[in-house]
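Fold and geometry: a report
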Amino acid sequence: LRCRAPRVFVTTGQNFCPDCIMTLMAPHTPSGEASLSAREIEVALGLMCGQQTKTIARALGVAENTVKGHLTEIYKKLGARNRPHAAYILLGGHR
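First things first, this report covers the structure right here in the doc. (Residues numbered from 1 in each chain as written. Predicted model: local features only at pLDDT ≥ 70, side-chain atom pairs only at ≥ 80, totals over all residues. Heavy atoms only, no water.)

1. Some details on the side chain of Thr53
You can see Thr53 is positioned in helix α3 (residues 53-60). A distance of 3.0 Å separates the side chain of Thr53 from the side chain of Arg83, its partner in a polar contact. (Helix = DSSP H or I, 4+ residues; strand = E, 2+ residues; numbered from the N terminus. Polar contact = N/O pair within 3.5 Å; in protein donor to acceptor, adjacent residues only side chain to side chain.)

2. Section: the pattern of salt bridges
The final tally for this structure, using the stated rule, is 3 salt bridges. Here Lys77 ties to Glu40 by a salt bridge, and the two come within 2.8 Å at their closest N and O atoms. Of the two residues, Lys77 sits in helix α4 (residues 64-78) while Glu40 sits in helix α2 (residues 38-48), which places them 37 residues apart along the sequence. For Lys77, a relative accessible area of 15% corresponds to the buried category. The class for Glu40 is buried, based on a relative accessible area of 6%. Its salt-bridge partner being Glu73, residue Lys76 comes within 3.4 Å of it at the nearest N-O pair. (Salt bridge = Lys/Arg side-chain N within 4 Å of Asp/Glu carboxyl O. Buried < 20%, exposed > 50% of the residue type's maximum accessible area, 1.4 Å probe, protein only.)

3. Here we look at the environment of Gln52
Position of Gln52 among the secondary structure elements: in the loop between α2 and α3. The sequence separation of Gln52 and Glu64 amounts to 12 residues, and the corresponding C-alpha distance is 9.8 Å.

4. Digging into the nonpolar core
Counting residues in hydrophobic clusters, the biggest one holds 20 residues, and the most contacted among them are Val43, Leu71, Ile74 and Leu78. The element contributing the most residues to this core is α2, with 6 residues. For Ile74, the residues in contact, after removing those within four places along its chain, are Leu36, Glu40, Val43 and Ala44. (Core = buried A, V, L, I, M, F, W, Y, C linked by side-chain atoms within 4.5 Å. Contact = heavy atoms within 4.5 Å.)

5. Some thoughts on helix α5 (residues 83-90)
Turning to α5, its buried residues number three or more, namely His85, Ala86, Ala87, Ile89 and Leu90. Between the side-chain oxygen of the N-cap and the backbone nitrogen of His85 there are 2.9 Å, and the N-cap of α5 in question is Asn82. Once α5 finishes, Gly92 follows within two positions and takes phi at roughly 105°, a positive value.

6. Concerning the packing of α2 against α5
Where α2 contacts α5, the axes come no closer than 9 Å and their chain directions differ by 100°. The angle between α2 and α5 falls in the class roughly perpendicular. Residues Ala44, Leu47 and Met48 of α2 form the contact with α5, whose participating residues are Arg83, Ala86, Ala87 and Leu90. Here the residues of the contact of α2 with α5 are counted per class, giving 6 nonpolar, no polar and 1 charged. (Axes fitted to C-alpha atoms, helices over the stretch in contact; angles between N-to-C directions. Parallel < 35°, antiparallel > 145°, perpendicular 65-115°, else oblique. Nonpolar A, V, L, I, M, F, W, Y, C, P; charged D, E, K, R; others polar.)

7. Some remarks on α2
When you tally the buried positions in α2, you get 8 out of 11 residues, the bulk of the element. Those residues of α2 lying buried are Glu40, Ile41, Val43, Ala44, Leu45, Gly46, Leu47 and Met48. Looking one or two places after α2, you find Gly50, whose phi comes out positive at around 80°.

The structure is reproduced here in structure tokens:
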């Protein structure tokens, strides 16, 4: 998954911005709930990078419906109304 945000942090051959990683690794989401699971973090990285659901699913080796389920949980934990709003929150925006 390639991130469209400024690429200054490199991990496992992929480029991600440090703010994206720090947002995902925070102990609690902006709504105060528990942090994202490991798989939700992987899905959220795809979301933040502007990837389509099917692209995320292929990259993770899971079904599209599985990714959609993870996205639903991510929206709940972030208090996001929809996909663009979740990406905005994850990239440092406010709810």
